[in-house]
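# Summary of the model geometry
Here is how the chains run, residue by residue.
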Amino acid sequence: MASTRKIVLLVCAALLVFGAGCEQLDHTPDPSVKFDGNITASEGSFEIEGHFYRSVGNEYVYENVMVHLLDEREERIESVHLGTLDERLPVSVSSSSIPAYVIVYSPDFWQQNNFAVEYFEYKDWKGVSYDLQWASNRSELPAQP
């Protein structure tokens, strides 16, 4: 009886040790570039107001940062040059067209390993205006600006 109990305890301990190293495969990374602000859309009106910023520990400087507004055909509605993102970069863009995608972009993003960026996709049918998405490489963006 004591040896059976010992075996059960050893099996449980082994499962705990092996299970402790496992991680969930379907997770969202902490994006390297994030947005803090508001995105609002109503009939014939769109506005994004706030700033893009680097996540904690990200010391990269990104040149030629732009925000692109794209329609459902992935065609450009408008592109606005924002400048250099070294800590925080303000953004204030409005449009009379409601974009299907709002993408912040810099060629410098894709020069960095372990990079991810937030972008936004219009999802009015879900009861919200824009869903936050992320891309860890350029091909994961819904459109190529």
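Preceding this paragraph is the structure being described.
Residues numbered from 1 in each chain as written. Predicted model: local features only at pLDDT ≥ 70, side-chain atom pairs only at ≥ 80, totals over all residues. Heavy atoms only, no water.

Let us look at the overall build of the protein. In terms of helices and strands, the protein carries one helix and eight strands. Put simply, the protein has 145 residues, and 36% of those count as buried. When contacts within the protein are restricted to residue pairs at least 6 apart in sequence, those whose partners lie at least 24 apart make up 54%. Accessible area for the protein stands at about 9200 Å²; split by element, carbon and sulfur atoms hold 50% of it. (Helix = DSSP H or I, 4+ residues; strand = E, 2+ residues; numbered from the N terminus. Buried < 20%, exposed > 50% of the residue type's maximum accessible area, 1.4 Å probe, protein only. Contact = heavy atoms within 4.5 Å. Areas by Shrake-Rupley, 256 points an atom, 1.4 Å probe, with all protein chains shown as cover.)

Looking now at the pattern of salt bridges. Under the defined criterion, the tally for this structure stands at four salt bridges. Across the pair Glu-75 and Arg-73 runs a salt bridge, and its minimum N-O distance is 3.6 Å. Linked by salt bridges that have partners in common, Asp-71, Glu-72, Arg-73 and Glu-75 make up one network. (Salt bridge = Lys/Arg side-chain N within 4 Å of Asp/Glu carboxyl O.)

Before going further, it helps to examine the pairing of strand β6 (residues 101-105). Burial within β6 is extensive, with five of its five residues counted as buried. By the alternation rule, side chains of β6 split into Tyr-101, Ile-103 and Tyr-105 and Val-102 and Val-104, which are all buried. The pairing of strand β3 (residues 62-70) with β6 spans five bridges and is antiparallel. Residue pairing for β6: Leu-70 is matched across the bridge by Tyr-101. Where β6 and strand β7 (residues 117-122) come together, three bridges link them in antiparallel fashion. Paired with Ile-103 across the two strands is Tyr-119, which belongs to β7. (Pairing = 2+ DSSP bridges.)

Along the polypeptide, Lys-34 turns up in strand β1 (residues 33-42). A relative accessible area of 18% means that Lys-34 is categorised as buried. Residues in contact with Lys-34, not counting those within four places in the same chain, are His-51, Phe-52, Tyr-53, Ser-55 and Glu-118.

Right, let's talk about the environment of Arg-54 for a bit. When you line up the elements, Arg-54 lands in strand β2 (residues 45-54). For the pair Arg-54 and Arg-88, spaced 34 residues apart in sequence, the C-alpha separation works out to 7.0 Å. Residues within four places of Arg-54 in sequence aside, it is in contact with Ser-32, Glu-59, Tyr-60, Val-61, Tyr-62, Leu-85, Asp-86 and Glu-87. There is a polar contact of 3.2 Å between the side chain of Arg-54 and the backbone oxygen of Asn-58. (Polar contact = N/O pair within 3.5 Å; in protein donor to acceptor, adjacent residues only side chain to side chain.)

Right, let's get into a negative patch on the surface. Among the surface-exposed residues, Glu-59, Glu-63, Asp-86 and Glu-87 lie close enough to one another that they form a single negatively charged patch. Within the element layout of this structure, Glu-87 appears in the loop between β4 (76-85) and β5 (88-95). (Patch = residues over 30% accessible without salt bridge, like charges linked within 9 Å, V, L, I, M, F, W, Y side chains within 5 Å. Lys, Arg positive; Asp, Glu negative; His and termini not counted. Charge placed at Lys NZ, Arg CZ, Asp CG, Glu CD.)

It is worth spelling out the packing of aromatic side chains at this point. The final tally for this structure, using the stated rule, is 10 aromatic pairs. Aromatic pair Phe-109 and Trp-110: ring centres 6.2 Å apart, planes at 80°, arrangement edge-to-face. For Phe-109, a relative accessible area of 0% puts it in the buried group. For the pair Phe-109 and Phe-115, a centre-to-centre distance of 4.8 Å together with 25° between the ring planes defines the contact as stacked. This pair shows no difference in class: Phe-109 is buried, exactly as Phe-115 is. Following the ring pairs from residue to residue traces out a cluster consisting of Tyr-60, Tyr-62, Phe-109, Trp-110 and Phe-115. Note that Arg-88 overlies the ring of Tyr-53, its terminal NZ or CZ placed 5.4 Å from the centroid. (Phe/Tyr/Trp six-rings, centres within 6.5 Å; stacked < 30°, edge-to-face > 60°. Lys NZ or Arg CZ within 6 Å of the ring centre and 35° of its normal.)

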